[in-house]
Amino acid sequence: MQGKLLRYTLRVDRLLFKKFRYIAEAEGRSANKEIEQFLKKRVAEFEQEHGEILIGNTSDSEEE
């Protein structure tokens, strides 16, 4: 059974991430939750402009 949460390694400029973490803390979130909120907002914006993104069933072995 595939879990709902996906682990993903993100490589990003150290200074940029420190600034991002500052923003997350100012918003009362962890950096992880701030990234999740950012992703949700971006997907919603994209779908608003282009229509719903339909994703089929994927197996655990597929990269997302």
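## Some points on the overall build of the protein
Assigned secondary structure in the protein consists of two helices and zero strands. Within the protein, buried positions represent 5% of all 64 residues. By element, 52% of the accessible surface of the protein is carried by carbon and sulfur atoms, the whole surface being about 6700 Å².

## Some thoughts on the side chain of Glu34
In this structure, Glu34 sits in helix 2 (residues 31–50). If we ignore the near neighbours within four places in the chain, the residues touching Glu34 are Phe20, Ile23, Ala24, Glu27 and Arg29.

## Here we look at the pattern of salt bridges
It is possible for side chains bearing opposite charge to pair when their charged atoms get close. This structure, assessed with the given rule, holds four salt bridges. The residue Glu34 makes a salt bridge to Arg29 at a minimum N-O spacing of 2.9 Å. Overall, the relative accessible area of 31% leaves Arg29 in the partly exposed class. Measuring nitrogen to oxygen at the nearest pair gives 3.1 Å for the salt bridge that ties Lys33 to Glu36. Of the two residues, Lys33 and Glu36 are both situated in helix 2; the distance of three residues between them amounts to about one turn of the helix. Assessed through its relative accessible area of 27%, Glu36 is described here as partly exposed. Each of Lys33, Glu36 and Lys40 takes part in one network of salt bridges that share partners.

The rules we used
Residues numbered from 1 in each chain as written. Predicted model: local features only at pLDDT ≥ 70, side-chain atom pairs only at ≥ 80, totals over all residues. Heavy atoms only, no water. Helix = DSSP H or I, 4+ residues; strand = E, 2+ residues; numbered from the N terminus. Buried < 20%, exposed > 50% of the residue type's maximum accessible area, 1.4 Å probe, protein only. Areas by Shrake-Rupley, 256 points an atom, 1.4 Å probe, with all protein chains shown as cover. Contact = heavy atoms within 4.5 Å. Salt bridge = Lys/Arg side-chain N within 4 Å of Asp/Glu carboxyl O.

Everything listed here is a matter of geometry and, on its own, says nothing about what the molecule does.
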